[in-house]
Amino acid sequence: MAVCLIIGPHTVLLYHIIRQNEQLSKYGDTKSARNIMLIELKKLIEANPLFRDKLAFPSFKSSRLRTLINQSLNWQHQLCKNPRPNPDIKTLFMDHSCTPNANGSRPPPTNNPLVGPIPKAGAFPPIGAHGPFQPVVSPSPGAIAGWMSTPNPSMPHPAVAAAPPGLVQPSSAAAFLKHPRTPTGVTGMDYQSADSEHLIKRIRTGPADEVSFSGVMLSSNAYSQDDLPKAVVRTLSQGSNVMSMDFHPQQQNILLVGTNVGDISLWELGSRERLVHKPFKVWDIQAASMPLQTALVNDAAISVNRCVWSPDGLMLGVAFSKHIVQIYTNNPTGELRQHLEIDAHVGGVNDIAFAHPNKQLCIVTCGDDKVIKVWDAAAGRRQYTFEGHEAPVYSVCPHYKENIQFIFSTAIDGKIKAWLYDCLGSRVDYDAPGLWCTMMAYSADGTRLFSCGTSKEGESHLVEWNESEGAIKRTYSGFRKRSLDVVQFDTTRNRFLAAGDEFQIKFWDMDNTNVLTAVDADGGLPASPRLRFNKEGSLLAVTTTDSGIKILANNDGLRLIRMLESKAMERNRGTSEPINTKPLIVNALGPIGNVSNAVAPTLERADRIQPAVSISSLGNMENSRLVDVKPRIPDDIDKIKSWKISDIADPSQMKALRLPDSTTAGKVVRLMYTNNGLALLALASNAVHKLWKWPRNDRNNPSGKASAYVVPQLWQPPNGILMANDVNDNKPAEESTACIALSKNDSYVMSASGGKVSLFNMMTFKVMTTFVSPPPAATFLAFHPQDNNIIAIGMEDSTILIYNVRVDEVKTKLKGHQNRITGLAFSQTLNILVSSGADAQLCVWSIDGWEKKKTRFIQAPTGRQSPLVGETKVQFHNDHTHLLVAHESQIAVYDSKLDCLRFWSPKDALAAPISCAIYSCDGLLVYATFCDGAVGVFDADSLRLRCRIAPSAYIPSFSLSGGNPSYPLVVAAHPSEPNQIAVGMTDGSVHVVEPSDAELKWGGTPSQDNGPSNSSNPSPSGQASELPSR
């Protein structure tokens, strides 16, 4: 008989084995027969005189053959435009092309596939989610194969026959488009793609140099110890021992705390004030099970085992030491409302987490009853029960790799198991180091898996796992010999690990097993303190021996705390008499709730205080189940008085830097910071891109971020090539509309200047591919927020193409505008795409089916001819519900129903037409540039002018002379510095502008008798009006 031995993805050796082999005939099971067959084959090969003493057979792990078969299937079937979901292994022996499905449709593409470790390279570390066209890497064998026998999900092929059950689910890109799959505390992931380069080769339209791109990971000098939060900036007194902490995923100044007496609290770090305090109680004792009632009668003491936010921050879950979990909803005012109380387990509930399988937010719990359960977060119905552990389950770690959702669990006997949402049992059964209490966590980008645990003897183990083999990749050293408690740990910035040990916080570089540094937080820490990073890694909460919490910060965290303090001081100065209000919940690095400074009533319970809500926040209330509340405006502040407007006209009043540029170019028509804030990318009207990178300097610029105080380098790759767009021979680039979009990991940029859309590699400036040939030409580009292979392309003919790069086809074409598309903005929260055009029209499209939901023309200010025409731009606020609209005649803020909430039109000192407008990174400011060279800084909540920057303050005097002075066409906001902007000028120059060291921020504050501004519909005069929202 002919037997196949696959020894590589592309090599098959055929050997003829005598059918009557006596040894083979003795065995009936496949595994034993295969083992003996391999031994016999080895003997035959070694017996060949040509091979004698020349071969060294490597030692293979038992899963290697299955891994290679899976890898071969994956590699071959990615050549197909219609890959079979369950391919036949016989396809390995021939070139083939899968036929389409019976209904003629192609299976929907998934996001980037799951791969293992990625080589280091480059200076653009991935931050944030979903960068398209990930660099070429060699995929780890079988991805999770070995752990879970999982093939690459971008080619959904399960393990072949006779292999263990695979961790495989049907590919469902539609589900992924509708809901981002984000694990707890993580808003986004970057999964590197092994097939991106292959795809690019397949759709490349012309000859180009072949090049291999390394994965863009953090290089050894990407971070320093200064990035670690080590300075104590806050001390909070909780009053009882803290058992669990979690920072809000967006409002990073809000800390959730659970204690050993069952209460939970919400702390606002800027004011050091406890916003909410909830003592433990059973909400409905009559509905409680008899075991729970009996447990409470026998021992009323109860502790919080874990408290955690949902990924969107709209819910929080609390797991208690007896039977139950409680789920609260968190509305925009900071109030917690009871949502679900679930009698989840018999005994203690040891862990709780949120997950998003099957397009539905769920709650995952585990307990002393050795069971893991999954609950519907909306109604509390039990959906899955996973049984198989032989000891109480200590922790759960839900995660996803593209369309594959799974849960890791650990038990106190040291067993690690993995589960799919299919009730078919666990996929793995491995031992954790220490064989006792262990917790698992992924790095922020979801590519690296770690665990930390302590044995019964007190030996602690922090390790990184190799997912592809189910083995420990590295073990970190530096723990004391006998820990007094179970060591807790956390990860941050895709780079650092932290654990509480020996009355200290110890830090490790993920790529180095030795302790990087340790801090004692000025003393007062327990032997094994609990700790938690915020999402950005700028703050670290750590427990103390006196039932308190210390907040540690790095430089970014210090700036955040200062900004929060400044906001609190402004609020206090603007209040004419002492009142009992909740502190403003400020989100310096994410979405914010628009809470006004209006007077709040004095109530007995702190967690029942409801500050008055501004009109602009009413759009959020509908989604948060709030009652119909209108803000109360006291009679004594009914007269609205003007801001104390700061007018900056002299260079000494601020810091401005003209970026070095030795080349001559046309106007700067597009400008953006890289997502990591380390570089600035400009596109000129002559179709050439320019990239400035800031040097990292321990003395002047330790973070390496863009700054007006440090001169950057105009960067080019070693080959010296320019990054230039394709142009239309029939229309000069200067007369064409340019557009640009940057991947979230800063590795790739898509751009067009009237010709084809080009995809560039940011490390080499080489064109990876081009697509969408004119006419019509592309005029605006936007990546889909959940699927990095889907691009919305606004066109010159007023249509919008929904283009799938992976399969190189237009999925649908949207029609609704009467002129070219000038703006596109996605909202993950509302599941919509908003488009704007040169017809001054706004259109709302559903992401699910791409149907048009609503349209509205922007309103013309008094004195302007209606209807308006001209370039109209849109941008969503960080809350993804409020929309900034910019036109030469106005800036305005709209809600999700396209009702205009706030409105401002040029007048007085800022009377020139508006050229561009953008939100600051924290959503608190709006920057607008004007055609006379001025820059306006507005308060985002009211659109009241805070500061006017005259052109003489940042443009050199020679640029102002003559009859045609330059002015800014575009403005870009720094991604992490809310007071820094860059402006691109008509003369081709780029200026970085920020406040002076003395000011720290833009503009003044309202005077003490200045009332609040609850602006709504546009008034005829263009002033902010007091009308209620519609």
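For the structure itself, look to the data block above.
Undergrad: Explanation requested: the overall build of the protein in the structure shown.
TA: If you tally the helices and strands in the protein, you get nine helices and 59 strands. Looking at the protein as a whole, 59% of its 1030 residues are labelled buried. Within the protein, counting contacts between residues at least 6 apart in sequence, those at least 24 apart form 56% of the total.

Undergrad: What is the right way to read the nonpolar core from this model?
TA: Note on soluble globular proteins: their nonpolar side chains tend to be buried together. The biggest cluster of nonpolar side chains holds 21 residues, and the ones touching the most others in it are Leu256, Ile264, Leu266, Leu316, Val318, Phe320 and Leu336. Sorting the residues of this core by element identifies β5 (254-259), β6 (264-268), β7 (273-278), α6 (290-298), β8 (304-309), β9 (315-320) and β10 (324-330) as the ones contributing at least two each. If we ignore the near neighbours within four places in the chain, the residues touching valine 318 are Ile264, Val304, Arg306, Cys307, Ile324, Val325, Gln326, Tyr328 and Ile352. Membership of the second largest hydrophobic core comes to 20 residues, among which are Val935, Ile955, Val971 and Trp1002.

Undergrad: Even after reading the chapter, I still don't get the environment of glycine 334, so can you show me in this structure?
TA: Note that glycine 334 resides in the loop between β10 and β11 (336-343). According to the relative accessible area criterion, glycine 334 is buried, its value standing at 3%. Remark: the alpha-carbon pair of glycine 334 and leucine 266, spanning 68 residues in sequence, is separated by 8.9 Å.

Undergrad: What should I look at first to understand α6 in this one?
TA: Working note: α-helix, 3.6 residues per turn, so residues spaced by three or four point in the same direction. Looking at α6, one finds that the buried residues are Leu292, Ala295 and Leu296. The arc that holds every buried residue of α6, seen down its axis, measures 95 degrees, which confines them to one face. Among the exposed residues of α6, those oriented more than 90 degrees off its buried face are Met290, Val297 and Asn298. Where α6 is buried, its residues meet β10 and β11.

Undergrad: Quick question: what am I supposed to make of the sheet that holds strand β28 (residues 531-533) here?
TA: Backbone-to-backbone hydrogen bonds pair the strands of a sheet. The strands run either parallel or antiparallel. Read from one edge to the other, the open sheet built from four strands follows the order β3-β30-β29-β28, with strand pairing classed as antiparallel. Only two strands of the sheet have a single neighbouring strand rather than two, namely β3 (231-237) and β28. The sheet shows a mean angle of 20 degrees between the axes of neighbouring strands, direction not considered. The pairing of β28 with strand β29 (residues 539-543) spans three bridges and is antiparallel. By the bridge assignment, leucine 531 is partnered in β29 with valine 542.

Undergrad: When you look at the side chain of arginine 948 in this model, what are you seeing that I'm missing?
TA: Within the secondary structure, arginine 948 sits in strand β56 (residues 945-949). The buried category is assigned to arginine 948, whose relative accessible area is 15%. In this structure the side chain of arginine 948 is engaged in a polar contact, spanning 3.2 Å, whose partner is the side chain of aspartate 647. At 3.2 Å, the side chain of arginine 948 forms a polar contact with the backbone oxygen of alanine 909. Residues in contact with arginine 948, not counting those within four places in the same chain, are Ser646, Asp647, Ile648, Ala909, Leu910, Ala934 and Val935.

Undergrad: What exactly am I supposed to notice about the pairing of strand β55 (residues 935-939) here?
TA: The two faces of the sheet receive side chains in turn, since in a regular strand these alternate between them. Counting buried positions over the five residues of β55 gives five, a clear majority of the element. The antiparallel pairing of strand β54 (residues 925-930) with β55 creates a hairpin that spans four residues between the two strands, and glycine 933 there sits at a positive phi of about 100 degrees. As defined by bridge partners, β55 adjoins β56 across four bridges and the pair is classed as antiparallel. Following the sheet pairing, glycine 936 is matched in β56 by arginine 948.

Parameters at a glance
Residues numbered from 1 in each chain as written. Predicted model: local features only at pLDDT ≥ 70, side-chain atom pairs only at ≥ 80, totals over all residues. Heavy atoms only, no water. Helix = DSSP H or I, 4+ residues; strand = E, 2+ residues; numbered from the N terminus. Buried < 20%, exposed > 50% of the residue type's maximum accessible area, 1.4 Å probe, protein only. Contact = heavy atoms within 4.5 Å. Core = buried A, V, L, I, M, F, W, Y, C linked by side-chain atoms within 4.5 Å. Arc of directions from axis to C-beta. Pairing = 2+ DSSP bridges. Axes fitted to C-alpha atoms, helices over the stretch in contact; angles between N-to-C directions. Polar contact = N/O pair within 3.5 Å; in protein donor to acceptor, adjacent residues only side chain to side chain.

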